[in-house]
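Given next are the chains, with one letter for each unit.
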Amino acid sequence: MAKPVSIEVWNPSGKYRVVSTKPMPGTRWINLLIQNDVRLEICTEKKTILSVEDIIALIGDKCDGVIGQLTEDWGEELFSALSKAGGKAFSNMAVGYNNVDVDAANKYGVAVGNTPGVLTETTAELAASLTLAAARRIVEADEFMRAGLYDGWLPHLFVGNLLKGQTVGVIGAGRIGSAYARMMVEGFKMNLIYYDLYQSTRLEKFVTAYAAFLKANGETPVTWKRAATMDEVLQEADIISLHPVLDKTTYHLVNKERLAKMKKEAILINCSRGPVIDEAALVEHLKHNPMFRVGLDVFEEEPYMKPGLAELKNAIVVPHIASASKWTREGMATLAALNVLGKVKGYPVWFDANRVEPFLNENARPPAACPSIVNAKALGLPTSKL
Ligand SMILES: NC(=O)C1=CN([C@@H]2O[C@H](COP(=O)(O)OP(=O)(O)OC[C@H]3O[C@@H](n4cnc5c(N)ncnc54)[C@H](O)[C@@H]3O)[C@@H](O)[C@H]2O)C=CC1
Ligand SMILES: O=C(O)C(=O)CO
């Protein structure tokens with residue numbers, strides 16, 4: 001039997017019981033739940049990653065919905081336990097939901113929420129930060145200074161790559177990939193090549209308009225190209241940033257063979273999910289190609305890194321913090337809470353998961369809808385017409 005887990009209770013007499021597997025930033029999400037007759041139980045266990053058994057103990061005998069985290073394994077066991085406890089809603093506090101078995105959720109009639117949009121710019125900004133840090137060797141240079149090794153300016157000291165006029169490659173030009181592409185094109189006057197299963201018309205229009213603006217100002221216009229294959233991006237780009245979802249089509253999308261196709265001095269950024277790269281192959285590639293650099297926010301087997309990665313100077317590694325700005329994390333908590341609340345209250349699903357701003361306005365009541373339910377169609381849930 002699972003041991004009891006420590007919890008903090010809000011509004012003990014609330015009609016609906018909702019569990020959050022972690023404390024989340026901000027208070028708006030808490031207030032929205034308790035003002036709507038929810039008894040909220042927040043797990044305050046010190047352990048970072050909760051096991052399936054821990055979460056089953058949290059769900060207990062009666063639970064209307066759960067707000068969970070991307071570190072948790074939401075499959076058959078948890079959805080069955082939630083359903084048995086009368087639960088109809090689960091929301092990840094994340095846009096990615098590769099930790100969720102949506103088929104299992106469908107089987108038990110549980111709605112699965114996620115948190116799109118609110119983290120788009122924040123995540124793209126971290127990808128841009130890693131790009132600059134890698135291109136200009138900022139982490140190596142910082143370590144050098146702190147080690148007291150700086151004894152004067154030198155022509156060859158920490159020479160890196162200029163971004164202006166180079167080509168940025170984006171794999172997965174959805175919300176975050178497109179935001180990153182715009183930052184790099186407009187901010188650094190880079191040319192764009194992208195690969196996605198779908199055409200990103202808005203992104204293409206943006207780069208076309210920016211090119212016209214530059215031309216009108218007597219500057220060299222930027223260019224864009226939608227690549228027919230991913231390999232085309234790997235071969236042509238100087239910087240490559242990965243932003244696809246993680247599913248079976250993108251698992252080990254960047255492997256040994258594909259790394260070999262990239263330029264020897266290319267920079268690879270990953271703010272999507274770790275398994276999109278074969279990390280062991282990447283470590284070998286970095287060892288044999290010292291001018292090739294990477295910026296990684298995510299890892300194949302988090303929280304671990306593959307052996308050898310931590311010792312490599314041409315790798316910058318940060319602990320899955322791409323969405324970690326205060327506004328974004330508070331907004332993610334709000335969207336996750338409203339997904340669960342909306343389903344518990346019988347609200348419809350918001351008409352467009354790409355336009356969730358009305359839920360984030362702190363000065364107004366949020367719409368009576370679930371902001372984003374990924375299996376709405378499969379469960380036949382009604383959509384808001386607002
Ligand atoms: N490191 C972090 O903290 C964060 C990571 N993420 C990750 O970023 C992912 C993308 O998020 P959004 O841009 O909001 O999602 P999105 O759904 O707008 O974009 C994903 C894009 O990937 C494309 N795609 C799917 N399969 C592909 C394939 N085989 N090859 C090329 N492209 C493919 C889709 O067509 C889509 O345009 C999330 O699923 C999540 O895993 C998101 C936020 C923060
Ligand atoms: O939202 C996600 O998918 C994350 O990885 C964390 O923001």
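Residues numbered from 1 in each chain as written. Chains lettered and ligands numbered in written order. Predicted model: local features only at pLDDT ≥ 70, side-chain atom pairs only at ≥ 80, totals over all residues. Heavy atoms only, no water.

We now examine the UniProt feature "domain: D-isomer specific 2-hydroxyacid dehydrogenase catalytic" (unreviewed entry) in the chain. Mapped onto this structure's residue numbering, the UniProt feature "domain: D-isomer specific 2-hydroxyacid dehydrogenase catalytic" (unreviewed entry) falls at residues 37-346. Within residues 37-346, the helical portion is 39% and the strand portion 15%, while the C-alpha atoms at the span's ends are 14 Å from each other. (UniProt positions renumbered as here; feature names shortened; annotations may be inferred. Helix = DSSP H or I, 4+ residues; strand = E, 2+ residues; numbered from the N terminus.)

Bringing the site of ligand 2 into the picture now. Around ligand 2, a shell composed of Leu-70, Ala-94, Val-95, Gly-96, Leu-119, Arg-273, His-320, Ser-323 and Met-332 is seen. In this structure, an oxygen atom belonging to ligand 2 sits 2.8 Å away from a main-chain N or O atom of Val-95. Taking Arg-273, its side chain carries an N or O atom lying 2.7 Å from an oxygen atom of ligand 2. In the complex, the protein chains occlude 89% of the 230 Å² of accessible area that ligand 2 would expose alone. Residues of the shell around ligand 2, tallied by class, amount to 5 nonpolar, 3 polar and 1 charged. (Near = heavy atom within 4 Å. Polar contact = N/O pair within 3.5 Å; in protein donor to acceptor, adjacent residues only side chain to side chain. Areas by Shrake-Rupley, 256 points an atom, 1.4 Å probe, with all protein chains shown as cover. Nonpolar A, V, L, I, M, F, W, Y, C, P; charged D, E, K, R; others polar.)

With the exception of glycine, the majority of residues adopt a negative phi angle, and the majority of peptide bonds are in the trans configuration. In this structure, Pro-303 follows Glu-302 across a cis peptide bond, with omega equal to 10 degrees. Within the secondary structure layout, Pro-303 lies in the loop between strand E12 (293-296) and strand E13 (315-317). Even without a glycine there, the phi angle at Asn-11 is positive, about 50 degrees. On the secondary structure map, Asn-11 appears in the loop between strand E1 (7-10) and strand E2 (16-20). Overall, the relative accessible area of 26% leaves Asn-11 in the partly exposed class. Positive phi is not limited to glycine here, since His-252 has a value of about 50 degrees. The topology assignment puts His-252 in the loop between strand E10 (239-242) and helix H10 (256-261). (Buried < 20%, exposed > 50% of the residue type's maximum accessible area, 1.4 Å probe, protein only.)

So, on to the UniProt feature "domain: D-isomer specific 2-hydroxyacid dehydrogenase NAD-binding" (unreviewed entry) in the chain. If you check UniProt for "domain: D-isomer specific 2-hydroxyacid dehydrogenase NAD-binding" (unreviewed entry), the listed places come out as residues 129-322 in our numbering. Structurally, residues 129-322 comprises 36% helix and 14% strand, and the distance from its first C-alpha atom to its last is 10 Å.

On to helix H7 (residues 175-188), then. Between its first and last C-alpha, H7 extends 20 Å over 14 residues, near the 20 Å set by a 1.5 Å rise per residue. Among the residues of H7, those classed as buried are Ile-176, Gly-177, Ser-178, Ala-179, Tyr-180, Ala-181, Met-184 and Val-185. Along its buried surface, H7 packs onto helix H5 (120-135), strand E7 (167-171), strand E8 (191-195), helix H8 (201-216) and E10. Phi turns positive one or two residues past the end of H7, at Lys-189, with a value near 55 degrees. (Expected span 1.5 Å × (residues − 1). Contact = heavy atoms within 4.5 Å.)

When the charged atoms of two side chains with opposite charge come close together, those side chains can pair. Going through the model one piece at a time under the given rule, you end up with 18 salt bridges. Residue Asp-142 is joined to Arg-146 by a salt bridge in which the shortest nitrogen-to-oxygen separation is 2.5 Å. Residue Asp-142 and its partner Arg-146 are located together in helix H6 (residues 138-146), separated by 4 residues, close to a single helical turn. Taking relative accessible area as the criterion, Asp-142 reaches 33% and is therefore assigned partly exposed. The exposure class assigned to Arg-146 is exposed, which follows from its relative accessible area of 68%. Salt bridges linked by common partners bring Arg-17, Arg-39 and Glu-41 together as one network. (Salt bridge = Lys/Arg side-chain N within 4 Å of Asp/Glu carboxyl O.)

Below, the discussion takes up the layout of surface pockets. The calculated volume of the second largest pocket comes to roughly 530 Å³. For the lining of the second largest pocket, the elements supplying multiple residues, two or more each, are H5, H7 and H8. Ranked by the residues each element gives to the lining of the second largest pocket, the list is headed by H7, at 4 residues. Structurally, the lining of the second largest pocket is a two-domain feature, drawing no fewer than three residues from each of domain 1 (5-113 + 346-382) and domain 2 (118-315). (1 Å grid on protein atoms, 1.4 Å probe; cavity = no way out; pocket = protein on both sides within 12 Å on 5 of 7 lines; lining within 4 Å. Points joined across faces, edges and corners; volume = space filled by probe spheres on them. Domains from an automatic or database assignment.)

Our focus in this paragraph is the sheet that holds strand E3 (residues 38-43). Spatially, E1-E3-E2-E4-E5-E6 is the arrangement adopted by the 6 strands of the open sheet, whose pairing is mixed. The two strands at the open ends of the sheet, each matched to only one other strand, are E1 and strand E6 (111-113). For this sheet, the mean inter-axis angle between neighbouring strands, taken without regard to orientation, is 15 degrees. Bridging between E2 and strand E4 (residues 65-68) involves 3 bridges; their strand directions are parallel. What sits directly across from Ser-20, in E4, is Ile-67. Packed onto the sheet, helix H2 (residues 52-59) meets E1, E2, E3 and E4 and runs at close to 155 degrees relative to E2. (Pairing = 2+ DSSP bridges. Axes fitted to C-alpha atoms, helices over the stretch in contact; angles between N-to-C directions.)

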